[in-house]
Amino acid sequence: LKFGSSRSSRVERLFGSAPLAAMDSLVYRGVLTGHRGWVTSIAAPYEQSNLVVSGSRDKKLMIWELTPDGETIGYARKSLGGHSEPVACVVLSSDGQFALSGSWDRTMRLWDLNTGATVRTFQGHTKDVNSVAFSGDNRQIVSGSRDKSIKLWNTLAECKYTITEDMHTDWVSSVVFSPSAKMPLIVSAGWDKLVKVWNLSNCKLRTNLVGHTGVVYTTSVSPDGSLCASGGKDCTAMLWDVNDGKHLYSLDAGGTINAMIFSPKNYWLVAATDTSIKVWDLENKNVLDELSSTAPPKCGIPWCVSLCWSADGNTLFAGSTDGNIYVYEVGQA
């Protein structure tokens, strides 16, 4: 079944026969406090667990323990230090044992989450590492940098390939692997206003997704690998068919898009703009919910800059420029 192809069968599969999804909204649950700078990235394990990892401009990674039955939503279990500049991105291995971070210090680090130790340091980029990703089998790592390059690495921190042909002509802001095992692809976005789809097998360009009129900050691929969403300075979420490279439709976000993510459960797209978090139901392209800050930051500073869903798609984590991670749960409006 393609992502979002059949409303009735999908709703029945997810919720039994009662089509509740249309009524859902996001309910504020609490806040994770501990970072002393912008929370630039949040990652949750693929298997449901009470662990969340975040990265921040305070140069640290934080391991959080969620306490669903406690008085607070969770607490900081461990702080991981090692980067000498802000952490720009963090992702987890599929078994949840390792975190991979990229930093403005030009390096990436592989961390053992059990011990908190750096297992490997990846050196090769000549400027800030803006984005990192693990392949589905965890054997390959891709990174995108302010040096305009995309690099492929193995887990031993050896750079196996640097993409130079058909490359972005400006800073690379985002790199993601498509989750599709049949068609292994990398999707990248850059300050050159382009989204690029690459064949992982030969690292050659497959398609340029052209349409944005401003810098692209973020990309997300749907859970089944069929759709890609991109957004940035032009305030527009653009939806693409990954495989044939077609632009499907656009959604007006009403502000710069700093982060974007598909729900792993519902046919939803979530975008963090400078002032709010918008949730679109892609079935009818309506805004299902819009979350905003009770204490918005001073003019010119965005509110949320990172987003992450729990594995079951019931909890949304939003990383803020105030150092907090706001936690929302899918509930009945």
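The numbers attached to residues start from 1 for each chain and follow its sequence in the written order. Note on the predicted model: pLDDT of at least 70 is required for a residue's local features to be given, and 80 or more for side-chain atom pairs to be given and counted; whole-chain, interface and lining totals, by contrast, use all residues. Side-chain metrics in this entry use all non-hydrogen atoms of the structure; hydrogen atoms and water are not considered.

A short note on the overall build of the protein
Of regular secondary structure, the protein possesses one helix and 28 strands. Along the first, second and third principal axes, the C-alpha set of the protein runs to 50 × 45 × 40 Å. Buried means the residue's accessible area, taken with a 1.4 Å probe over protein chains only, is under 20% of the maximum for its type, while exposed means over 50%, and partly exposed covers the values in between. With 333 residues in all, the protein has 57% of them scored as buried. Of the roughly 14,000 Å² of accessible surface on the protein, a fraction of 49% belongs to carbon and sulfur atoms. When the 31 positive and 32 negative side-chain charges of the protein are each reduced to one mean point, those points stand 6 Å apart. Comment: elements are numbered from the N terminus, with helices defined as DSSP H or I runs of at least four residues and strands as E runs of at least two. Per-residue and other accessible areas follow the Shrake-Rupley method at a 1.4 Å probe size, with only the shown protein chains counted as cover for residues. Within this scheme the basic residues Lys and Arg register as positive and the acidic residues Asp and Glu register as negative, but His and the chain ends are omitted. All charge positions are set by atom: Lys at NZ, Arg at CZ, Asp at CG, Glu at CD.

Re the side chain of Thr273
Mapped onto the elements of the fold, Thr273 is located in strand 23 (residues 268-273). Residue Thr273 is classed as buried on the basis of its relative accessible area, which comes to 1%. The contact definition used throughout considers only heavy atoms, calling two residues in contact when any of these lie within 4.5 Å. Discounting residues that sit within four places of it in the chain, Thr273 has contacts with Ala253, Gly255, Thr256, Ile257, Asn258 and Cys304.

Considerations on the packing of aromatic side chains
A pair of aromatic rings is counted whenever rings of Phe, Tyr or Trp (Trp by its six-membered ring) have centres within 6.5 Å, and the orientation is called stacked for planes under 30 degrees apart, edge-to-face for over 60 and tilted otherwise. Summed over all chains, the structure comprises seven aromatic pairs. Measuring from centroid to centroid gives 6.5 Å for Tyr28 and Tyr326, while their planes differ by 45 degrees, and the two rings are tilted. With Tyr28 in strand 1 (residues 24-32) and Tyr326 in strand 28 (residues 325-332), this residue pair connects regions lying 298 residues apart in the sequence. For Tyr28, a relative accessible area of 44% corresponds to the partly exposed category. Classification of Tyr326 by relative accessible area gives buried; the value is 14%. Arranged with centres 6.2 Å apart and planes meeting at 50 degrees, the rings of Trp268 and Trp309 form a pair that is tilted.

Structural notes on the pattern of salt bridges
What makes a salt bridge here is a side-chain nitrogen of Lys or Arg within 4 Å of a carboxyl oxygen of Asp or Glu, nothing more. Evaluation of the coordinates by the stated rule reveals five salt bridges. Residues Glu290 and Lys278 are paired through a salt bridge, measuring 3.3 Å at the closest nitrogen-oxygen approach. Taken together, the residues Glu290 in strand 25 (residues 286-292) and Lys278 in strand 24 (residues 276-281) connect sequence positions twelve residues apart. Judged by relative accessible area, Glu290 falls into the partly exposed class, the value being 41%.

Some points on the nonpolar core
What tends to happen in soluble globular proteins is that the nonpolar side chains get buried as a cluster. Counting residues in each nonpolar core, the largest one holds 18 residues, and the members touching the most others are Leu26, Val270, Ile277, Leu307, Trp309, Leu316 and Tyr328. At the level of secondary structure, the elements contributing two or more residues to this core comprise strand 22 (257-262), strand 23, strand 24, strand 26 (304-309), strand 27 (315-320) and strand 28. Sequence-distant contacts of Ile277, that is, excluding residues within four places in its chain, are made with Val270, Ala271, Ala272, Asp289, Glu290, Leu291, Trp303, Cys304, Leu307, Leu316, Ala318 and Tyr328. Only buried Ala, Val, Leu, Ile, Met, Phe, Trp, Tyr and Cys residues count toward a nonpolar core, and they belong to the same one when joined by side-chain atoms within 4.5 Å. Among the nonpolar cores identified, the runner-up in size contains 15 residues, and Leu227, Leu239, Leu269 and Trp280 belong to it.

Quick look at the sheet that holds strand 3 (residues 51-56)
Here, strands pair whenever DSSP counts at least two bridges between them. Reading across from one edge, 2-3-4-5 is the order of the four strands in this open sheet, with antiparallel pairing throughout. Looking along the sheet, the strands with just one partner apiece sit at the ends: strand 2 (39-43) and strand 5 (74-80). Each strand of the sheet is rotated relative to its neighbour by a mean of 25 degrees, with strand direction disregarded. Working convention: axes come from line fits to C-alpha atoms, limited for helices to the stretch in contact. Angles between N-to-C directions cover 0 to 180 degrees.

Side note on the sheet that holds strand 27
Strand order in the open sheet formed by four strands is 1-28-27-26, and the pairing between neighbours is antiparallel. The open sheet has two edge strands with one neighbour each: strand 1 and strand 26. Taken over all neighbouring pairs, the strand axes of this sheet differ in orientation by 25 degrees on average, direction set aside. Taken together, the five bridges between strand 27 and strand 28 define a ladder with antiparallel strand orientation. Residue pairing in the sheet places Phe317 in a bridge with Val327 of strand 28.

Examining the confidence of the model for the protein
Considering every residue of the protein, the mean pLDDT works out to 91; 93% of them sit at 70 or more. Considering only residues more than four positions removed or in separate chains, one finds that residues 4-20, a stretch of pLDDT under 50, has 23 contacts. pLDDT measures how confident the predictor is about each residue, on a scale from 0 to 100.

Concerning unusual backbone geometry
Notably, Lys148 is not glycine yet its phi reads approximately 75 degrees, a positive angle. In this fold, Lys148 is placed in the loop between strand 11 (140-145) and strand 12 (150-154). With a relative accessible area of 37%, Lys148 lands in the partly exposed category.

Considerations on the side chain of Ser320
Tracing the sequence through the fold places Ser320 in strand 27. Contact partners of Ser320, with chain neighbours within four places excluded, come to Gly37, Trp38, Val39, Trp303, Cys304 and Tyr326.

A few points about the pairing of strand 25
Note on strand geometry: in a regular strand, side chains alternate between the two faces of the sheet. Where strand 24 meets strand 25, six bridges bridge the pair, whose relative direction is antiparallel. Directly across from Ile277, in strand 25, lies its bridge partner Leu291. The loop that links strand 24 with its antiparallel partner strand 25 comprises four residues; one of these, Lys285, has a positive phi angle of about 65 degrees.

Observations regarding the pairing of strand 11
Burial analysis of strand 11 places five of its six residues in the buried class, which makes it a mostly covered element. Judged from the five bridges that link them, strand 10 (residues 129-134) and strand 11 form a sheet pairing that is antiparallel. Paired with Phe134 across the two strands is Ile141, which belongs to strand 11. Counting the residues between successive antiparallel strands, the hairpin from strand 10 to strand 11 contains five residues, one of them, Asn138, with a positive phi of roughly 65 degrees. Note that strand 11 and strand 12 share five bridges and pair antiparallel. Bridging from a neighbouring strand, Ser143 pairs with Lys151 of strand 12. Counted between consecutive antiparallel strands, the loop separating strand 11 from strand 12 contains four residues, among which Lys148 sits at a positive phi close to 75 degrees.

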